[in-house]
Amino acid sequence: SKLLVKAIVYVSFSSYLITELNAFSPCRSVGGSMKNDLMSRTIYRRLAAREICSFDESDFALPTGEWPYTDGDLNRLDNSNDSDFYDSPRFVTHIDDNAIESLTEFYRQEIDEVVKRKNGGKVDILDLCSSWISHLPQDRSDTYGMVAGVGMNEEELAANKQLFVHYRQDINVNPSLSQFADESFDLVCNVVSVDYLTNPKEVFEETYRVLRPGGAALISFSNRCFASKAVAMWLQADDIGRLTIVGSYYHYSAKWSQIQALDIKRPPVDVPKRPSFQDMFSNPSKGFAWASTAAAVAKTNSGDPMFVVKGVK
């Protein structure tokens, strides 16, 4: 039976609580003492990616290669053929604009790190569960080597101008990425689709295989999904539970050198100071300008969360 253990829970502005989850041991928080956490908050809020926690072998109940999940955990409300569900193209985005911009900025930083590590070499990227847009930064296109996509809908994939090559493939039916040689990519991305995987161990094993040493898998998700196609344990978990599920996929699939849970949503924008009543009375335009700006800031600061679990080979 699964062990009942605990994981560190990240709450907004980098505070931490404890919750209980199955199949995991305590996850290490970023901060040390509470004093250090408080001192670090300002720094974390200015980073594009704020570390929630990192995972190592001691955080999980079973060793790498084992598998703690049952068919029930990975069952779905709709187990019909995914090819039918994705047969018609959906030229829409599944996260809001702020989340997309946060993801693109995160990719920009990851790509710059790869370029630096390769001494200016090109970056080869695999976009798993790809669609008509990959959210890669356009201003880094000169650094791209091969950008390949694997997805479900041919029309969507053909419309993705960032892909050099694409493959229509249902990785829930065939998780093999045999079209790619070992150590072919520097980055493997998967955007808001990990919740639909019914063979996650095999997919993560293949992800590890096609990555070069030092390469990274970037598995991102928000709080939206097609509930009928998401696996049962995903629907039953909160954001922290989902981060830990993805972390466990890494752990049980291969010996990753590093696994990190990240909050990549852009730091909140400060609300402008409201004019005094006297100022607004003497100049009503100041009040209207403040109200309009404050509403725009509130919209920017709200919206979809955006998380990444990053694994380094």
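Every value quoted in this text rests on a predicted model; they were computed, and no experiment measured them. Numbering of residues begins from 1 in every chain and follows the order in which that chain's sequence is written. Per-residue local features are limited, in this predicted model, to residues with pLDDT of at least 70; the limit for side-chain atom pairs, both in listing and counting, is 80 or more; totals at the level of whole chains, interfaces and linings are taken over all residues. With hydrogens and water stripped out, all remaining heavy atoms of the structure feed into the side-chain values.

A. Representation of empty space enclosed by the protein in the model. Using only the protein atoms, space was sampled on a 1 Å grid; points where a 1.4 Å probe fits but cannot get out form cavities, open sets with protein on both sides within 12 Å along at least five of seven lines form pockets, and lining residues are those with an atom within 4 Å of a point. Grid points are joined across faces, edges and corners, and a volume is the space filled by probe spheres set on the points. In total, this model carries 1 cavity of 30 Å³ or more according to the counting rule given. The space that makes up the largest cavity amounts to roughly 40 Å³. Lining the largest cavity, in full, are L128, N190, L197, V203, F204, T207, A217 and I219. Elements are defined by DSSP. Helices are runs of H or I of four residues or more, strands are runs of E of two residues or more, and each kind is numbered from the N terminus. Among the elements that make up the lining of the largest cavity, the one with the highest residue count is helix α5 (residues 200-210) (3 residues). Under this grouping Gly is polar, as are all residues other than the nonpolar Ala, Val, Leu, Ile, Met, Phe, Trp, Tyr, Cys and Pro and the charged Asp, Glu, Lys and Arg. When grouped by side-chain class, the residues that make up the lining of the largest cavity number 6 nonpolar, 2 polar and no charged.

B. Fine view of the confidence of the model for the protein. Every residue carries a pLDDT, the predictor's confidence in it, which falls somewhere between 0 and 100. When pLDDT is averaged along the protein, the result is 81, and 76% of the positions lie at 70 or above. Strand β2 (residues 15-22) is the least confidently modelled element of the protein, averaging 31 in pLDDT, while α5 averages 98, the highest of any element. In this model, residues 1-22 is a region of pLDDT below 50 whose contacts with residues beyond four sequence positions or in other chains number 66 contacts. Long-range and interchain partners of residues 24-47, a stretch whose pLDDT sits below 50, account for 55 contacts in this model, where long-range means more than four residues apart. Here, two residues are considered to be in contact whenever any of their heavy atoms come within 4.5 Å of each other.

C. Broad picture of the environment of Q179. Considering the arrangement of structural elements, one finds Q179 in the loop between β7 (165-168) and β8 (185-191). Linking Q179 and V210, residues 31 residues apart in sequence, is a C-alpha distance of 10.0 Å. Apart from the residues within four sequence positions on either side, Q179 is in contact with V150, Y167 and Q169. Polar contact criterion, stated in full: a pair of N or O atoms within 3.5 Å, where within protein one must be able to donate a hydrogen and the other to accept it, and residues adjacent in sequence count only if both atoms are side-chain atoms. Looking at Q179, its side chain comes within polar contact range of the side chain of Q169, at 3.0 Å.

D. Expanded view of the side chain of S193. Mapped onto the elements of the fold, S193 is located in the loop between β8 and α5. With a 1.4 Å probe rolled over the protein chains alone, any residue whose accessible area is under 20% of its type maximum counts as buried; one over 50% counts as exposed, and the rest are partly exposed. Of the residues examined, S193 reaches a relative accessible area of 12% and is grouped as buried. Filtering out sequence-adjacent residues up to four positions away, S193 remains in contact with C129 and S220.

E. Broad picture of the pattern of salt bridges. Whenever a carboxyl oxygen of Asp or Glu lies within 4 Å of a side-chain nitrogen of Lys or Arg, that contact is scored as a salt bridge. One pass over the structure, following the stated rule, counts 14 salt bridges. R140 is paired through a salt bridge with D139; the nearest N and O atoms lie 3.4 Å apart. Among the charged side chains, a salt-bridge network with shared partners connects E105, R108, D112, D139 and R140.

F. Just the environment of P213, in detail. The topology assignment puts P213 in strand β9 (residues 211-221). Residue P213 is classed as exposed on the basis of its relative accessible area of 52%. Each C-alpha atom of the pair P213 and K313 lies 5.4 Å from the other, and the pair is 100 residues apart in sequence. Aside from chain neighbours lying at most four places away, what touches P213 is R117, E183 and K313.

G. Representation of the nonpolar core within the structure. Of all hydrophobic cores here, the largest spans 43 residues; its most connected members are L126, V246 and Y250. Among the elements that make up this core, the one with the highest residue count is helix α7 (residues 239-253) (7 residues). Filtering out sequence-adjacent residues up to four positions away, Y250 remains in contact with F204, A217, L218, I219, W256, I259, V309, K310 and G311. Counting residues in hydrophobic clusters, the runner-up holds 25 residues, among them L103, I111, V115 and V191. For our purposes a nonpolar core is just a set of buried Ala, Val, Leu, Ile, Met, Phe, Trp, Tyr and Cys residues, chained together by side-chain atoms within 4.5 Å.

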